[in-house]
Amino acid sequence: MSLSAARARALLARMSGRRVIVVGDVMLDQFLWGRVARISPEAPVPVVEIASETFHLGGAANVAANVRALGGEAVVSGIVGDDPGAARVRAALGEAGIQDALTVVAGRPTTVKTRIIAHHQQVVRADREASGEVDGAVERALLASIRDALPSAGAVILSDYHKGVVTPGLVRAVTALARRRGVPVLVDPKVAHFALYRRVALVTPNQPEAEQASGVKIRDEAGLHAAGERILRRLRCDAVLVTRGEQGMALFEPGRRPLQIPTAAREVFDVTGAGDTVIATIALARCARATLPDAARLANLAAGVVVGKVGTATATPDEVMAAAQRAV
């Protein structure tokens, strides 16, 4: 059963003003836009003539931006360096109305991903980052910021890009704090950290991550079901949502039949940040007391909006409503 336009509208209205804490790897996405006019004489590579440059919040900061775009309130806890990238991140958070609970780590660069785009196609990406785990002092500073924000939050998102913020100690402490307050913890995971996510409310692996985490190749519906069920058993979590690109999503909950949700995308230009949109939408919807199936269906609509845009993007309630009306 699909999500009706009326139910989508009511749910989006209830999501307005709900507060979500986003914990994880904060990044800055830099886009250099241009055109290819020739091939370099130095090597067989295109020469891109840059016409413009834009910056967007990335990683955990993009999750928070998606929460804000959908009408929610967001607090972001993560790390930045003491550098120009950090200044751009903090300025963008302020412009978006996102509460800045970042910790500065001197001597460590702010993660910056630079993408060169020509004729609406990504030509190359260059990353500047340090991905070693943060130390105990930084963990404690992050935890203090989360503890301060938790009383007013309806959900916590762990946005794990394996860049050093989501450590075993931090995950244990955050999940314990949230559990005591009855606040669900949702995780956008990395396979290397799967053992950390036991007993959380939701994990949202994409299909390759689900295959790696479960050890099951997903070639058909039987494989999909086996992978989802194995992750449920391994993590003993409340639910698993496998995102599958053009094949939509599959939701697994203990004791229930898997729910397959066909993609809502009409055109796919760029999948950058689509996972951020999915988990932000589900977290806000759960804050608004949506059922998990309805939250997943709404997230599918929001992701369909985002992949139709070029670059790191978000979806607004009006855009999600338009997608819901088209889907009927």
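Look above for the structure.
Residues numbered from 1 in each chain as written. Predicted model: local features only at pLDDT ≥ 70, side-chain atom pairs only at ≥ 80, totals over all residues. Heavy atoms only, no water.

Chemist: Explain the pattern of salt bridges to me, using residue names and the numbers behind them.
Modeler: Any two side chains of opposite charge can pair if their charged atoms end up close together. Applying the stated criterion to the full structure yields 12 salt bridges. When the shortest N-O distance is used, the salt bridge between R115 and D29 registers 3.1 Å. With a gap of 86 residues between them, R115 in strand 8 (residues 111-118) and D29 in strand 2 (residues 26-39) connect regions that are remote in the sequence. Residue class for D29 comes out buried when judged on its relative accessible area of 4%. In this structure, a network of salt bridges that share partners links the residues R7, D294 and R297. (Salt bridge = Lys/Arg side-chain N within 4 Å of Asp/Glu carboxyl O. Helix = DSSP H or I, 4+ residues; strand = E, 2+ residues; numbered from the N terminus. Buried < 20%, exposed > 50% of the residue type's maximum accessible area, 1.4 Å probe, protein only.)

Chemist: Before we move on, could you go through the packing of helix 2 (residues 60-69) against helix 8 (residues 274-287) and cite the residues and values that matter?
Modeler: In helix packing, the relevant descriptors are the interaxial angle and the interaxial distance, both defined with respect to the helix axes. With their axes 8 Å apart at the nearest point, helix 2 and helix 8 run at an angle of 50° to one another. Viewed along their axes, helix 2 and helix 8 adopt a mutual orientation that is oblique. Both helix 2 and helix 8 take part in a crossing whose hand is right-handed. Taken together, the residues of helix 8 that come into contact with helix 2 (itself represented by N62, V63, N66 and V67) are D276, T277, I279, A280 and L284. (Axes fitted to C-alpha atoms, helices over the stretch in contact; angles between N-to-C directions. Parallel < 35°, antiparallel > 145°, perpendicular 65-115°, else oblique. Left-handed = near helix turned anticlockwise from the far one by under 90°. Contact = heavy atoms within 4.5 Å.)

Chemist: Hey, could you go over the environment of R297 for me, with residue numbers and the actual values?
Modeler: Note that R297 resides in helix 9 (residues 292-306). Counting along the chain gives 87 residues from R297 to A210, while the straight-line C-alpha distance between them is 20 Å.

Chemist: Account for helix 2, with residues named and values stated.
Modeler: Counting buried residues along helix 2, eight of its 10 residues qualify, which places the element largely inside the surrounding structure. Buried within helix 2 we find A60, A61, N62, V63, A64, A65, N66 and V67. Residue G71 follows helix 2 closely and has a positive phi angle near 100°.

Chemist: Quick rundown of a positive patch on the surface? Include the residues and the values.
Modeler: Together, R14, R18, R286 and R289 make up a positively charged patch on the protein surface. Relative to the helices and strands, R286 resides in helix 8. Overall, R286 belongs to the partly exposed group, its relative accessible area being 35%. (Patch = residues over 30% accessible without salt bridge, like charges linked within 9 Å, V, L, I, M, F, W, Y side chains within 5 Å. Areas by Shrake-Rupley, 256 points an atom, 1.4 Å probe, with all protein chains shown as cover. Lys, Arg positive; Asp, Glu negative; His and termini not counted. Charge placed at Lys NZ, Arg CZ, Asp CG, Glu CD.)

Chemist: Please provide a residue-by-residue account of the sheet that holds strand 3 (residues 46-59), values included.
Modeler: The four strands lie next to each other as 3-2-8-9, forming an open sheet whose pairing is mixed. In this open sheet, the two edge strands, each paired with only one partner strand, are strand 3 and strand 9 (121-128). Taken pair by pair, the neighbouring strands of this sheet meet at an average axis angle of 20°, ignoring direction. Taken together, the eight bridges between strand 2 and strand 8 define a ladder with parallel strand orientation. Among the inter-strand pairings, M27 is bridged to a residue of strand 8, identified as T111. (Pairing = 2+ DSSP bridges.)

Chemist: Give a description of the pairing of strand 13 (residues 240-243) that names residues and reports values.
Modeler: Side chains V240 and V242 of strand 13 all project onto a buried face; the interleaved residues L241 and T243 project onto the opposite face, where all are buried too. Two elements, strand 13 and strand 14 (residues 249-252), share four bridges in a ladder whose sense is antiparallel. Its bridge partner being in strand 14, T243 is matched across the sheet by M249. Taking the residues between adjacent antiparallel strands as the criterion, strand 13 and strand 14 are bridged by five residues, where G245 takes a positive phi near 60°.

Chemist: Could you give an account of the packing of aromatic side chains, with specific residues and numbers?
Modeler: Scanning the entire structure with this criterion turns up two aromatic pairs. Arranged with centres 5.6 Å apart and planes meeting at 20°, the rings of F31 and W33 form a pair that is stacked. Across this residue pair, the class does not change: F31 and W33 are buried. Taking the centre distance of 5.6 Å and the plane angle of 70° together, the rings of F194 and Y197 count as edge-to-face. Its relative accessible area of 0% is what places Y197 among the buried residues. Cation over ring: R88 sits above F55, and NZ or CZ is 3.8 Å from the ring centre. Above the plane of the ring of Y161 lies K190, whose end atom (NZ or CZ) is 5.1 Å from the centre. (Phe/Tyr/Trp six-rings, centres within 6.5 Å; stacked < 30°, edge-to-face > 60°. Lys NZ or Arg CZ within 6 Å of the ring centre and 35° of its normal.)

Chemist: Tell me about the nonpolar core, and please be specific about residues and values.
Modeler: Grouped burial of nonpolar side chains is what soluble globular proteins tend to show. Grouped together as the largest cluster of nonpolar side chains are 63 residues, with contacts concentrated most on M15, V20, I282 and L298. With 10 residues, helix 9 is the largest single contributor of residues to this core. Leave out the neighbours within four places in its chain, and I282 touches L186, L202, L241, L292, A295, A296 and A299. Within the second largest apolar cluster, 44 residues are counted, among which are A149, Y197, V203 and L224. (Core = buried A, V, L, I, M, F, W, Y, C linked by side-chain atoms within 4.5 Å.)

Chemist: I'd like a rundown of unusual backbone geometry, residues and numbers included.
Modeler: With the exception of glycine, the majority of residues adopt a negative phi angle, and the majority of peptide bonds are in the trans configuration. Of note, the phi angle at H162 is positive, near 60°, even though the residue is not glycine. One can find H162 in the loop between strand 10 (155-159) and helix 5 (168-181). Even without being a glycine, R199 presents a positive backbone phi close to 65°. Note on placement: R199 falls in the loop between strand 11 (185-188) and strand 12 (202-203). Its relative accessible area of 44% is what places R199 among the partly exposed residues.

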